Structures are given as C-alpha cells and as structure tokens.
Amino acid sequence: MSSLSRELVFLILQFLDEEKFKETVHKLEQESGFFFNMKYFEDQVLGGEWEEVERYLSGFTKVDDNRYSMKIFFEIRKQKYLEALDKADRAKAVEILVKDLKVFASFNEELYKEITQLLTLDNFRENEQLSKYGDTKSARNIMLLELKKLIEANPLFREKLQFPALKASRLRTLINQSLNWQHQLCKNPRPNPDIKTLFVDHNCGQQNGARPPQPANNFMGAFAKPTPFPPVASHTAFPPPSTNPPSALAGWMANPAPVTHTSLSAGPVGLSSAANPAALVKRPRTPPVNTPPVDYQSADSEHLLKRPRPVGQPGEEVSYHGTNHLQCLYSQDDLPKTVAQTLNQGSSIMSMDFHPVQQTVLLVGTIVGDIAIWEVGAREKLAIRNFKVWDLAGCTASMQAALVKEPGVSVNRVVWSPDGNLFGVAYSKHIVHTYTYNGGGDVRQHLEIDAHIGGVNDLSFSNPSKQLCIITCGDDKIIKVWDAITGRRLYTFEGHEAPVYSICPHHKENIQFIFSTAIDGKIKAWLYDHMGSRVDYDAPGHWCTTMAYSADGTRLFSCGTSKEGESFLVEWNESEGAIKRTYQGFRKRSMGVVQFDTTRNRFLAAGDEFVIKFWDMDNTNLLTTVEGDGGLPASPRLRFNKDGSLLAVSTSDNGIKILANADGLRLLQRYENRSLDSSRVPPDSVQKVAPGNALAIVNATAGSTTVGAERGSASVSMSGLNGDTRSIGDVKVRVTEESIEKNKSWKLTEIAEPSHCRSLKLPDNLPASKISRLIYTNSGVAILALASNAVHKLWKWQRNERNATGKATTSVHPQLWQPASGILMTNDISDTNPEDAAPCFALSKNDSYVMSASGGKVSLFNMMTFKTMTTFMAPPAAATFLAFHPQDNNIIAIGMEDSTIQIYNVRVDEVKSKLKGHQKRITGLAFSHVLNVLVSSGADAQLFIWGIDSWEKLRSKPLQIPPGKAVSPQSITRVQFHQDQIHFLAVHETQLAIYETTKLERLKQWVPHESLPAPISNATYSCDSQLIYASFIDGAVGVFNPETLKLRCRIAASAYLPHNVVSTVYPLVVAAHPSESNQFSLGLSDGGVVVLEPVESEGKWGTGPPVENGAVSSVTIVPKAGTPGSEQGPR
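What you are looking at is a predicted structure, and each value in this text was computed from that prediction instead of being measured.

Rules used throughout
- Residues numbered from 1 in each chain as written.
- Predicted model: local features only at pLDDT ≥ 70, side-chain atom pairs only at ≥ 80, totals over all residues.
- Heavy atoms only, no water.
- Helix = DSSP H or I, 4+ residues; strand = E, 2+ residues; numbered from the N terminus.
- Buried < 20%, exposed > 50% of the residue type's maximum accessible area, 1.4 Å probe, protein only.
- Contact = heavy atoms within 4.5 Å.
- Areas by Shrake-Rupley, 256 points an atom, 1.4 Å probe, with all protein chains shown as cover.
- pLDDT = per-residue confidence, 0-100.
- Pairing = 2+ DSSP bridges.
- Salt bridge = Lys/Arg side-chain N within 4 Å of Asp/Glu carboxyl O.
- Phe/Tyr/Trp six-rings, centres within 6.5 Å; stacked < 30°, edge-to-face > 60°.
- Axes fitted to C-alpha atoms, helices over the stretch in contact; angles between N-to-C directions.

A. Structural view of the overall build of the protein. When helices and strands are counted, the protein shows 16 helices and 58 strands. Across the 1131 residues that make up the protein, the buried fraction comes to 52%. Pairs at least 24 apart in sequence give 56% of the contacts found in the protein among residues at least 6 apart. When the accessible surface of the protein is totalled, it reaches about 51,400 Å², and 51% of it is carbon and sulfur.

B. Local environment of the confidence of the model for the protein. Of all residues in the protein, 80% have pLDDT values of 70 or greater, and the mean over the chain is 80. Here residues 675-739 scores under 50 on pLDDT; set against residues more than four positions off or in separate chains, the count is 76 contacts.

C. Here's a closer look at the sheet that holds strand S17 (residues 522-527). Spatially, four strands are ordered S15-S16-S17-S18 in an open sheet, and the strand pairing comes out antiparallel. On the outer flanks of this sheet lie strand S15 (500-508) and strand S18 (537-538), each paired with one strand and no other.

D. Examining the pattern of salt bridges more closely. If you walk through the whole model with that rule in mind, you get 34 salt bridges. For the salt bridge of Asp-86 with Arg-125, the shortest nitrogen-to-oxygen distance reads 3.0 Å. Within this pair, whereas Asp-86 is found in helix H5 (residues 67-86), its partner Arg-125 is found in the loop between helix H7 (109-117) and helix H8 (136-153), the two being separated by 39 residues in sequence. Of the residues examined, Asp-86 reaches a relative accessible area of 33% and is grouped as partly exposed. Among the residues examined, Arg-125 registers a relative accessible area of 21% and is labelled partly exposed. The shortest N-O distance in the salt bridge between Lys-912 and Glu-910 comes to 3.8 Å. Since its relative accessible area comes to 48%, Lys-912 is described here as partly exposed. For Glu-910, a relative accessible area of 39% puts it in the partly exposed group. Each of Arg-555, Glu-571, Lys-580, Arg-581, Arg-602, Asp-616 and Asp-618 takes part in one network of salt bridges that share partners.

E. Highlighting unusual backbone geometry. Cis geometry marks the peptide bond from Pro-875 to Pro-876; its omega dihedral reads 10°. Tracing the backbone through its elements, the reader meets Pro-876 in the loop between strand S39 (868-872) and strand S40 (879-884). Positive phi is not limited to glycine here, since Met-873 has a value of about 60°. Here Met-873 shows up in the loop between S39 and S40.

F. Main features of the packing of aromatic side chains. Enumeration according to the criterion identifies 34 aromatic pairs in this entry. Here Tyr-40 and Tyr-56 contribute two aromatic rings whose centre-to-centre distance is 5.1 Å and whose plane-to-plane angle is 70°, an arrangement assigned as edge-to-face. Taken together, the residues Tyr-40 in helix H3 (residues 38-46) and Tyr-56 in helix H4 (residues 50-58) connect sequence positions 16 residues apart. Taken individually, Tyr-40 and Tyr-56 each receive the classification buried, so the pair is uniform in this respect. Centre to centre, the rings of Phe-493 and Trp-526 are 5.4 Å apart; their planes meet at 20°, and the pair counts as stacked.

G. The arrangement of the sheet that holds strand S23 (residues 596-599) in detail. If you walk across this open sheet you meet the four strands as S23-S24-S25-S26, and the pairing is antiparallel. Looking at which strands have only one partner, the edges of the open sheet turn out to be S23 and strand S26 (622-626). Neighbouring strand axes in the sheet, compared pairwise and without regard to direction, differ in orientation by 25° on average. In this sheet, strand S24 (residues 603-608) lies alongside S23 in antiparallel orientation, the contact comprising four bridges. Bridge pairing links Phe-596 to Ala-606 in S24.

As structure tokens, this is what we get:
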C-alpha cells in the first residue's frame, strides 16, 4: 500500500473515532495493521476478553512470526489456562491446553510437559514458579506489563504504536478544500453554493449574470511561497579551512547517542581524527521518506486531469538543481544491456567485484566458500580457491567450535583494494582472508584474520592517513579497522544494537569517515577516533541496507529491503542528513534483499523481479529494465566495472552474465583475441597428460594460468587448481593406492526409514489426480504441478523467521496458492479425455507465465492471476511437449502428437517452421544455446539434433535398447542438457544414457538391475549437474554420479511414503530445485507431491563410489569455462 493510501486510513480512523464508531475503529485498526491501539489492547486484556485480544493481535502478527510474537501469544494463553485452573474448570483448561498451547510444544517440549502437569495439582500454586501467583486482577496487570515490553520490542510493531499528530477533523478539512477547488473550477460559480452530495463532483451550473471565474494566477497567489532550505553553511559540523566547502557529514553529524558508545583501540593511534569533535552539536532527526503523491481519481474527474495546471500547483514535477552532470552527453545506449558472455561458476554467486585497473578481470565469491578470478574477455577462469582455514591452531575457540558444528562456509563479500594488488574475502564464519594478486593466475595468501564472532557481513578497503586499511563488520554488532599489511587491529567501533550489515568508507577533503548500517535499519557514522558514533538515523525499510557513493564521490545513495519485502532506493542530502529523493519502480514485495550499484556518475542499477532495473540519478522514475535474455534470479547480484562498460549479473543457474555496451563489446573482443593467441598449447603438451584425467587436461590447456601453490594438501580432483606441482605419474600412483582402500570401505548409501532423510508431503485440498508434470519456479520459491485432470497446482513458500530465503524447503510447509478470485489454472481439453492425453508445460524464465496443454489447445496462463491470456494450436495433432527458445521467449518449440515439431512465434501467432523426422509423438525437447541446437526425442525411441539457425536436421540416431529388455508401447524418452550445454541425459524406462551432442555419441549407459530393478519413470539432473535423480515405478529413487552413472544412494519408497500405500503409489515425475543441489521433489501416481532433502547432519545424498584403477572415467564431463547452466529438468 502506498504512503498516501496509508495516511488515508489514518484519516478514516480519526473520522470514525470522532463520530463514535468505536467497534468499527478497532476493526479497521486490526484489518489494516497500521495502528496498534495499546489502550484498547490493555482494556481487553484486563477485561479477560481473550478471543478479542487474539483477534486484534492477528492483524499485526502471528504466533510464529518471531520470538517476540511467540512469547506474546504464549503469555496470553498461559494466563487463560491458569485462570481456568484457578476456577477449577478442568474441562476448559484441557481445551486450552490442547487447542491453544499445543502449538508451543514443538518449540519447547519440556515447558509444555510442565504446563500439562499442572492439571494434576489441586492448586497450581504448588508449583514453585507459580507460588507467587496472586488473584486474577493482579496477575493480569503483571502480565500486561510484560506484554507491553514485548510489543514495544517486536520489530513488527515498529512505527505502529503512535498515532500521527493530526489536526481535528482533518478528513473534513480536506473534503472542504476539495469542494472549494471544485467550486473555483466551475464555469459560473455562485456566491453561496448549495452542496448537497459528495458522490459527484460539484458544479454550480449556468446562471444568468454570474461572474466569470477569477484567473488561475490570482487563485494561486493566495498560497504562501515555500520557505527555502537554510543555507548549507548553517549545518557545518567539522569547520574546515574557509576556502573549502563544508563537510559532507555536516548535516548527519549530531550529538552522540544518550548512551556513550566507546571506541576501543588495540594499538597506538595511527589514523587521523577530526580537528574539532566538539563542534558536532545538533539534534538528530529521522529523515522523512519523500514518497511521491498518489492521485485518487474517479471516472468523473478525468476532465479535470486534462485541464492545464497552474504553475506551482502541488503535483508538479520538480527538477533537480544540483551539480550539472552533463546529462546531454549520456543516453540509454551507454548502459550495458547486451549479453556478451556467460560464465559457469558452478555455485550460487554471493559477491562480485571488477578489478580497478584490469577492467575485464572479475573476482567472484560463492555460497560454498569458493572464490574465483575470471578473465571475462576470454571466458577463462584464471584462479580458484576453495575455503579452508590456513592456521586452525591460531583461531579462537569459538571459531573452531563453529566450524566443527557446521563446516559449511559461504562468502559474504569479495572486494579489490584500490590499486588491485590485494583482494579481501569476508566469510560467513569469523574469518577474513586477504590475497596478493600479481596478474593472471598468480594469487598468493596474505592475511588470515579471525575478525568477528559469527559472520563477517561486509569488508572494504580504505586509505586514512595514506595507510591502507581493511574495514570489517559482523554479526557481533562491531566494526573493526585493520592494518592491511600486518593484520594488526587499529580500531574497534561499538554502538550498533544489531548485527552490522554493511559499511561504506569515504572521505571529503581532509575528513575520513565510515558509514555503517545494521539489520535493525540504523545508520551510524564513525570517524577514525575514539568518540563513538556521530549519527543515529533510520534507513528506509528498517532492515538490510547498503550505501554507496557515485564514482566522483559527490552523491550518496542507499538501497535496502524491509522484512516484508518492500525495497527502497534513495539519494541522501548530505548537508541535511535527509532523504533527497526516493526512486520508484520496485515490486511491492521483492523476493530477497535487493542489490544495487552506481556507474558513470549518472546511472543506478538494481536487481529485482528477475531483471536489472536502471534509473537516471536525477529522475525518480524507472529508466529501463533489462532481462539479460532471462535466467536471472528474483534479486540478482550485480557489479559494474570501473568505466561502466560492463555489468556482471548473477544467474539462477549458478552462472554469471556479462552485459556490455558498445565500448564493452569492443573491450571484450580485444581481450578475447589476445587470449586466443596466447593460450594455444602445442598438441604434444596434451599428450603428456595421463589418459582419462579430464581435469588435468583442462589444467594443461590453460597454459600459464595454472594457480600457484597453496598451503595444505590438495585432493586429487583439484590437483591442478590448488597448485599441486607433483608429476602426473606421482598423482596417478597415489590415486591407485587410495582407490584400493576406498573400494574396500565404500558402501552404497541406503535410505529406507523416514528418519534417514527429510521429506515433506505438500498440502492439497484439490481433487486427487496423478501428477503428470512437475517443476520448480526459476526463483526456487514455489513448485508447479500439472495433474492428469488438466488442473495446475502451485505451492508457494513464504519468507519468515524460520525460512529467511523464502525458498522451497522441507522444514516449512508451503501454501497451496490460489488468487483471490479462487479460479484454477485448467487446460483446455476440447473433446479429449485428459487422462489419455500427454500433458506438457513450459515456464517462462521470469516465472510470470506458463504455457501448458493437456490434449486440447495450448493455453498461456498468467502465474499471478491464473487467468488464461490466450489459447492456440487447436487439435487434432495435440501438443505433447513444450520448450522455450533460449534466446527469444516469444519462440517456442512444440512437440506434436503427429510426430512433428512446430517452431511457433507467439507474438505474431505464426508457425515459423515444421520439423519432420520422428515416426511417433514427440516426448522430449531440449535446447543448447552453446551449440545452437535443439535435441528431440520421441515415442519411437529416436534422438534427433536440429540446428536452430536454419532448423535443419543435423544428426539422428535410435536409442540403443539393452538386449533382453522389453519395451512397452507407451514408453517415452526424455532429454535434458548438462550444465555444460554439450552433453545431455536421455531417460527411457530401460536406461539412463549420457550423450555427447555434436557427434550424437553415447558415452555412458546405466540399465536397471540389482538394487534398482524396476523400470525408470523419470530422471533429471540436479541444478549444478553434479547428481542425477531417477525415479522408478516400484517407488524407489536412485541418486547417481553423472560422470560415471554409478549409483551413490538408493531411497526406498518406505522413506517418504506411508506404509499403507508403499506398494501402490510411485513417482511419475521428478524435479530438481534450481539452486539447492540436494533437494528434489516427486510427483506421485496418487496426486501427491513430496519434497526430499538429506538429513542436516549429512548434507548430501551419500558419497560417490571411488574411481577405478586410478583414473577418472573417460566420460568425465568437465564444464567449459563460461558456459551457462542448463535449464530445469524434463517437463
């Protein structure tokens, strides 16, 4: 809801209160959730109106929103329970225990048991903890004091406990002003108009001898002129020499907070401080968020909107009168909008930073703790480092304990030093690493700092007093400054009351300072001294916020997202310490914390709603959006290079897209040509590599880019990448020795009990019908299923305290989502029986719409409203498989019942090409945008390769059915590309097979036998292509290594199905989560959907079998640097 809509609710509340509509007032307070009336709440609590107490609270919070909310509801229900016991009403007490208090058992089972035992006592005061319980009235008063403290501390009630200061009858005043304005617009205004209704606009009508209306400029002359801003000089906080302009912090700096926050020094002061801290005396004030007004229009008022508006009338756009940034020299063409390169990182991207000098060198940090350096011009990974503690003995006990408890570590921030000779990495647990960088792949360890207790949330470099420093902040609510050369701690800044989320060091003239933001929304500023924070302001959104200056250092911006998903991008007025402008264009609920960056002193960019959004710094309206050819996550991470010609953007398939403008394309072309010339390797150098060691081959062909040596032993699989300089012969001998031991000890992981994995049966109140198709949304926050009765089902996970990402998980139940209209997405079935059809669907890259068919016409649905946008392709010859073109969302490949493939352009409603070759219906389609081909499969067990430039057939080959395997007439073949976009998986009831696409050569085959003897029903790659999930018609699921097609884990039906249906229900389809490689879901024959994950203690589905004879299988698939990930599994 917009700011003005919210204010309108307050005006209505005031009106209702003045008119004595008491019940309606409190109903609106509860339904809007804008104002929590503490007085009304107190009255209800003291009166014991428990149903009304909980109903009123429900408008503001739920039991499981956070720990404060849980405590509030617990105290209320406990009091209600004790009062029932005090009245000896055991039946009522039992009812409260079962219906109201049971929910808390899952959070504290021991407490619930203790509460239950009170039923056995004649007087619950016999319990020691309740011995001081007095009468009901005093107990309610005591509880009320506790509830008020909890409500005031609960962030969900922030800004909802104070009713805005309004003049009496404000709504009536506004209506009178509106009527006066309408009267002024009358053609023949009467002296004393008789206004009898508000339902239509006022109009005096024609009158003989009426006076003409006054000119508009006379009317506007009655308004007072706006008071100008006070001069900048009046806000001086750090008086510099008279020749210099005032400090940027002038308006921000105020008295330190009432409680003095100390700044501790760990050594001699080596950095400069402000010359006159005593001058920092000004009352802090929270800057207002200047939200543009919203017009409340009616159909009758359209003619008013067309009237010329008098100069200076409210609503007129105000231009920016600040520094001239040469706007005429910039255009949208300067924005990097063309996808020039795609890099395959392999893990979810957490942070990126371009080198300050070598503008095509990109530093990347991932969710699994890896860091990599890319030369994006050549799509070449110059170096990679996996997370490891360099000196475990030197770490604190808390750090060691954290690693033992949960060894998984993520990168939170990577950043280059100003000269590019160093870079720093902040990890999610305690540690900061810095490396020296000498170009190419020459990366060497420099410093390991056990910096914070908990996560290190941000890291930056700064040069106070010409001394290079590292600044860090963390979960321990502290900011620290370190000597970048020696690692010695110089300053510790304390004062935040919540984990510090980001830091922004800067300088103006001779003043060096640091802005910091915490997850409670507080912004503070620090000088390099011991005087504590100089600023205490609230950031819009009151949650995760980052701050950044324009490249020339003259303009300050911040971008943040609230817990409710509302995002804010604002520019700050440094001289006032207030918000200058708020940029528009974010969706109401962003799916994740929005990231942003600035470039060319002109443009802002933010990742939101699966696209990149751009703004001109001087205009609050959205300038343009870029989809980047699709495949972006809900809130992509992004980073400009120094001159703004390149923009790195994270993708939903664990890759990076490099967007470029014309200058950037020329820059990349220059580096690509240079790289091709310098990296060619003589053929004989490849022959020296041990046969079958695919990773070694990659390292050999990388020439001089092999990473230098690091401390610690390296695993064989990372031999070249971690700097293992032993000869290939040495490595091979070691593998052989180790493999003998591993072969003796390795066992297949068997999961047969529900306790051996985490599973979640999705809630469903719709008619049961077998699940024919299943897919996760690209954002990973929902699962979409198509049942055999032609009805779609969409389950959405909500973001809350138990599920901070809002992504699909087994730990939180999702909602079977439907729009307010209650309609279902139901496919056209014409005269066909949907149970006999071949259902199919394809989801757009931004999750906005789904194209689907169940034997009738193809339907295009809006995913938000479930409304049918259009239908096409009426039978006969129904659609049997759908796949979007990788470069153009308007083009879709449609596999047909008559064995053809139609290339259809949705925009012009035209079939562009019809591909013929198969003998039976099409059962699978998959595009490779690396090879520019389409792979098709059919019920005829044939595989075809088609070129997508000319749509000509390139190759074909029959699927090789294993000898002795009977094939049912209804058997189908599915195809899906590996993340490298060169190899693909073919799935048939008789086999899993890996093919190399260009030669259509089968590299590996697995046939059901032994532990998994039943026919295969479906299979898919995991999101990172490191696993294959296959389902079988006996209910079992197999997890395979894609390199060898060897089974690593077998999941029996009894692990996820109730015992009474194990023998009759089985999975028909399997889908892999788009970003969690160890999560997948099953669509079942009884209409159910189950999500599966390994137990947290394991974190993965078993371990892969050891390599045989010391060599990696000859079909090991090594992704090429720079290739994007594959799409999700077969539809």
